[in-house]
Amino acid sequence: MQIEETKLPGVKILTPKRFGDDRGFFSESWNRKVLAEQGITLDFVQDNHSMSAQVGTIRGLHFQSPPAAQDKLVRCGQGALFDVAVDIRKGSPTYGQWVGVELTAENGKQLLVPKGFLHGFVTRAPNTEICYKCTDYYAPECDGAVRWDSCGIAWEFDGDPVLSPKDAAAPALADFDSPFVWEG
């Protein structure tokens, strides 16, 4: 497993090895033992899978607040997406900064998004599937969002985004009171 640090401490790009032949490929997207040897000791309890039919679909920017905050390990099962993490930990020297990575079914890259970061993505191909592991269970009372266009993210797509009503009505980052605090 190749592990790449990003400019945001804790946000990592993981690229599993792939073993392929004329039938396709095999890859371990998560191996607790191998990643623990690299200092990643997360206990995932829930897997999520969503499909977005249209190019330009934005989902996010989402978070789940304490006491049910979640770390996420995100990958693309089909298609292509631009995946983003934004630091929302009060007092963090990187508060409001973002990192993005192209996740495709072909490149096999994964984005590790820690607690205290917003997560979102835009689809780059039709019928794009995103699969992600979470370290806590979904808790509707802890579910939150920040407006997709309020963090200075270079989404790089043409036209109007396809948004859910929740995402369209989310507050801007400037109006958001984060429940997360940087523990430096």
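From a predicted model like this one, the values you see are computed outputs, not experimental measurements.

### Regarding the sheet that holds strand 10 (residues 98-104)
At step 1: Strand order across the open sheet formed by five strands is 10-8-12-6-14, with antiparallel pairing between neighbours. With partners counted over all chains shown, the strands left at the sheet margins are strand 10 and strand 14 (143-145), one partner each. On average, each strand axis in the sheet is inclined to that of its neighbour by 25°, with strand direction left out of account.
At step 2: Looking at chain direction, strand 8 (residues 80-87) and strand 12 (residues 117-123) are connected through seven bridges and run antiparallel. Note on strand 12: the bridge partner recorded for Asp 83 is Phe 121.

### A closer look at empty space enclosed by the protein
At step 1: Following the criterion strictly, the structure yields one cavity of 30 Å³ or more and no others.
At step 2: Quantified by volume, the largest cavity comes out at close to 60 Å³.
At step 3: Lining the largest cavity, in full, are His 62, Phe 63, Gln 64, Ala 69, Gln 70, Lys 72, Val 113, Lys 115, Gly 116, Phe 117, His 119 and Phe 180.
At step 4: Counting only elements with at least two residues in the lining of the largest cavity, the list comes to strand 6 (58-64) and strand 12.
At step 5: Sorting elements by how many residues they give to the lining of the largest cavity places strand 6 first, with three residues.
At step 6: Looking at the lining of the largest cavity, its residues break down into five nonpolar, five polar and two charged.

### What about the layout of surface pockets?
At step 1: One number sums up the size of the largest pocket: a volume of about 400 Å³.
At step 2: Forming the boundary of the largest pocket are 25 residues, of which His 62, Lys 72, Tyr 132, Asp 143 and Lys 166 lie nearest the centre.
At step 3: Elements supplying a minimum of two residues to the lining of the largest pocket: strand 5 (46-52), strand 6, strand 12, strand 13 (128-134) and helix 2 (165-168).
At step 4: In terms of residues, the lining of the largest pocket owes the most to one element, strand 6, which gives six residues.
At step 5: Among the residues forming the lining of the largest pocket, the class breakdown is eight nonpolar, twelve polar and five charged.

Cut-off values and rules
Residues numbered from 1 in each chain as written. Predicted model: local features only at pLDDT ≥ 70, side-chain atom pairs only at ≥ 80, totals over all residues. Heavy atoms only, no water. Pairing = 2+ DSSP bridges. Helix = DSSP H or I, 4+ residues; strand = E, 2+ residues; numbered from the N terminus. Axes fitted to C-alpha atoms, helices over the stretch in contact; angles between N-to-C directions. 1 Å grid on protein atoms, 1.4 Å probe; cavity = no way out; pocket = protein on both sides within 12 Å on 5 of 7 lines; lining within 4 Å. Points joined across faces, edges and corners; volume = space filled by probe spheres on them. Nonpolar A, V, L, I, M, F, W, Y, C, P; charged D, E, K, R; others polar.

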